[in-house]
Amino acid sequence: VVTWEFDGIEAATRYSVVIECFPVENKSASIERILKINNKVPFAEARYLTIAKIWKNVYDDGRFELPKGENADDYLTKAAAMGISARTVTETVKGKEVTYIVYTMPEYWTTDVSALVDDQTVRFFKTDVDKNEIRASLVQAPSWYEYTLKDSNGYTLEPFQVVFEKDPKTGKLTFSLESVNEPLVISNIRLVPAADVEVESYADYLAKYEGVPSGKDKIKIEAEYYSAASSQTIYPVSDTTSAINSPTATDRTVLNVIGGDKWQTSGQWIEYKFKPSTSGMYNIATRFKQATLEGMYTSRALYIYSDGTLDASHKGYYNGIPFEEAGRLQFNYSSDWQSGKLTDGDGTFDIYFEAGVVYTLRFEVTLGNMGAIVNRVQKSLDIINDAYLNILKLTGATPDDYRDYGFSRIMPQTMIDMVLQSRELYAVSELLASEADEKSSMTATLQNVSDLLRDMAMDEEEVAKNLEQLKNYIGTLGTWVGDAKTQPLQIDYYSVQAA
């Protein structure tokens, strides 16, 4: 445990806590800490602070066979103009000399780089003897970054608002971090007034860029070429379910998508870098697939960071979520691949980017609007489980269907709880159907449990008869919560394009 003492805070005040930290290269596990204020854990979520490490792929050089009759210097000159390091290599293949243009993996994507990679089908993965692509190795790449304390479960995207006040017994105010897993270096801790970390709405954001024309770039970023990730479990995979995946091949394995069950846990993120050549308003579009959670959508939070050439007074400066709606992007269910602009379910977004600035896009797994729904079901599940255990204490594991146990007389609150939770699950089911614009097996599960609780609460004779079924439904509801908390999503590519 490391403890710091704060001065200058007299009255109880709410702050968000920002830690500048360095995730030391060590084991693959995430960094975990427990927060304590005045030697006490202030709330349950403070027990589970998870700080991600930074992982990067070690990509191979990309190769392109020089067409007959063409000059290699033309290709090298073009690559140099794009900022790509390139060289030539001559090899003997089946008795003939073949010249290849060898490209180094670009640090960021531009319109020209995207076009070159597309036109020449340049791939940055090693291959085996059959030309099947081999997954690149992942290495830890620690660097300094700011971590704002927030819910690791993803129920809420907003940072914690921690109340700081002096201990009445000691007259001191202390802040402690207790180590659970993995080393961490901290350079400073900042307490930021809660009001200062609130993110503006998209309407307010857009008002600042009224009249700004569209940009002119179209930058295609293959999703398998990310610049950093929060976990070594996130890596490119092969998908052959669509003939128009980018790229696709019938004679070999290409690692052409990212995500799925490798990128589904709250807090996991992937980053991409790009640089526009013209300033203006842009859309970000994706080709994606979410074929796991039927009747639900999965969510991502979009963070944007600009490089050090801009400060907060400049247009196009970003240091986190650009506007509130970007924190709850939705990707709807379908058995097919889909394409579309980023949306929160109500509309799409125009985003300003400044020419010549290297931007980082971070897509982080979150529950989005679904977080409140999942949290309500989790709380309901806890109450239903307590009601089941109370009944079990009276009836035993094998209740007599024909005995009058007098449930309403002996445990009136338990019977009331079942009525209330029946209504709660029905309300959540309707809300979920409204959010996803359809009813599904996910809503049917909630309604089935709701109906059983209603029958048991309204007729005492149904309690003993259905106790075993209630036990099964508690397990089903637990599975429902577990499934809803996972947010799988596959991405083929991103497109930063003119609005």
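Now for a description of the structure that goes with this document. As the structure is a prediction and not an experimental result, all values here were calculated from the model.

## Looking at the overall build of the protein
Per the secondary structure count, the protein includes nine helices and 28 strands. Along the first, second and third principal axes, the C-alpha atoms of the protein reach 95 × 60 × 50 Å. Counting across all 499 residues of the protein, residues that qualify as buried make up 47%. Of the contacts made within the protein by residues no fewer than 6 positions apart, 80% connect residues no fewer than 24 positions apart. Carbon and sulfur atoms provide 47% of the accessible area of the protein, an area that totals close to 24000 Å². For the protein, the distance from the average site of its 49 positive side-chain charges to the average site of its 72 negative ones is 4 Å.

## Observations regarding helix α6 (residues 412-436)
Here α6 contains 25 residues, and its C-alpha end-to-end distance of 36 Å stays within 8% of the 36 Å for a straight helix at 1.5 Å per residue. When α6 is considered as a whole, its buried residues turn out to be Thr414, Met415, Met418, Val419, Gln421, Ser422, Leu425, Val428, Ser429, Leu432, Ala433 and Ala436. Its buried side turned inward, α6 meets α4 (370-395), α5 (407-410), α7 (441-458), α8 (461-465) and α9 (467-485). Backbone geometry just downstream of α6 places Asp437 in the positive-phi region, at approximately 65°.

## Some words on the pattern of salt bridges
Overall, the coordinates contain 20 salt bridges when judged by the stated rule. In this structure, Asp60 and Lys126 form a salt bridge, with 3.6 Å as the shortest nitrogen-oxygen distance. Here Lys126 lies in strand β9 (residues 126-127) and Asp60 lies in the loop between β5 (55-58) and β6 (62-65), a separation of 66 residues in the sequence. In this structure, Glu424 engages Arg376 in a salt bridge whose closest nitrogen and oxygen atoms are separated by 2.8 Å. Remark: Arg376 occurs in helix α4 and Glu424 occurs in helix α6; sequence separation between them is 48 residues. Exposure remark for Glu424: the relative accessible area of 22% places this residue in the partly exposed category. For Arg376, a relative accessible area of 31% corresponds to the partly exposed category. Salt bridges sharing partners connect three or more residues here, namely Arg123, Glu133, Glu224 and Arg252.

## Some details on the pairing of strand β8 (residues 96-103)
Looking at chain direction, β6 and β8 are connected through four bridges and run antiparallel. Its bridge partner lying in β8, Arg63 is registered against Val102. Here strand β7 (residues 86-93) pairs with β8 via eight bridges, running antiparallel. Each bridged residue has a counterpart across the sheet, and for Thr90 the counterpart in β8 is Thr99.

## Description of the nonpolar core
Ranked by size, the top nonpolar core spans 67 residues in total, and within it Tyr103, Leu302, Ile351, Phe353 and Phe363 carry the most contacts. Residues within four places of Tyr103 in sequence aside, it is in contact with Asp61, Gly62, Phe64, Tyr75, Ala79, Ile84, Ser85, Ala86, Leu116, Gln120, Val122 and Phe124. One finds Tyr388, Met415, Val419 and Met456 within the second-largest nonpolar core, a separate group that totals 39 residues.

## Considerations on the pairing of β5
Side-chain alternation along β5 places Trp55 and Asn57 on a buried face and Lys56 and Val58 on a face that remains uncovered. In this structure, β5 lies alongside strand β11 (residues 137-140), joined through four bridges in antiparallel fashion. Residue pairing across strands places Trp55 opposite Gln140, the latter belonging to β11.

## Focus on the environment of Thr445
For Thr445, the position within the fold is in helix α7. Overall, Thr445 belongs to the buried group, its relative accessible area being 19%.

## Describing α9
Because each turn of an α-helix spans 3.6 residues, side chains separated by three or four positions end up pointing in the same direction. Helix length check: α9, at 19 residues, gives a terminal C-alpha distance of 27 Å against a target of 27 Å (1.5 Å per residue), a fit within 8%. Turning to α9, its buried residues are Leu467, Leu470, Ile474, Leu477, Trp480, Val481 and Ala484. Each buried residue of α9 lies within a common arc of 120° when the element is viewed along its axis, so the set occupies one face. Packed against the buried residues of α9 are α4, α6, α7 and α8.

## Comments concerning the packing of aromatic side chains
Tallied over the entire structure, the rule returns 32 aromatic pairs. When the centroid spacing of 4.9 Å and the interplanar angle of 15° are considered together, the rings of Tyr209 and Tyr352 count as stacked. In this pair, Tyr209 is assigned in the loop between α3 (202-207) and β16 (218-222) and Tyr352 in strand β26 (residues 351-353), connecting sequence segments 143 residues apart. Accessibility expressed as a relative area gives 7% for Tyr209, which makes it buried. Assessed through its relative accessible area of 7%, Tyr352 is described here as buried. Aromatic pair Phe274 and Tyr359: ring centres 5.8 Å apart, planes at 25°, arrangement stacked. In this pair, Phe274 sits in strand β20 (residues 269-274) while Tyr359 sits in strand β27 (residues 359-366), placing the two residues 85 residues apart along the sequence. Side by side, Phe274 and Tyr359 carry an identical accessibility label, which is buried.

Criteria and cut-off values
Numbering of residues starts from 1 in every chain and runs along the sequence as written. With the structure being a predicted model, the display of local features is reserved for residues of pLDDT at least 70 and the display and counting of side-chain atom pairs for 80 or more, all residues being used for whole-chain, interface and lining totals. Note that the side-chain values use all heavy atoms of the structure and ignore hydrogens as well as water. In this description a helix means any DSSP run of H or I spanning at least four residues, a strand means any run of E spanning at least two, and both kinds are numbered starting from the N terminus. Relative accessible area decides the class of each residue, using a 1.4 Å probe on protein chains only: under 20% of the type maximum gives buried, over 50% gives exposed, and in between gives partly exposed. Between two residues, a contact is recorded if the distance between any of their heavy atoms is within 4.5 Å. Using the Shrake-Rupley algorithm and a 1.4 Å probe, accessible areas are obtained, with residue cover drawn only from the displayed protein chains. Positive: Lys, Arg. Negative: Asp, Glu. His and the chain ends are not part of the count. Taken as the charge centre is NZ of Lys, CZ of Arg, CG of Asp or CD of Glu, depending on the residue. For a helix, the expected span equals 1.5 Å multiplied by the residue count minus one. Each reported salt bridge corresponds to a side-chain nitrogen of Lys or Arg within 4 Å of a carboxyl oxygen of Asp or Glu. Two strands form a pair only when DSSP identifies at least two bridges running between them. For this analysis, a nonpolar core means a set of buried residues of the types Ala, Val, Leu, Ile, Met, Phe, Trp, Tyr and Cys, connected via side-chain atoms within 4.5 Å. To be clear, the arc concerns the directions from the helix axis to the C-beta atoms. Aromatic contacts are taken between Phe, Tyr and Trp rings whose centres are within 6.5 Å, Trp giving its six-membered ring; a plane angle under 30 degrees counts as stacked, one over 60 as edge-to-face, and the others as tilted.

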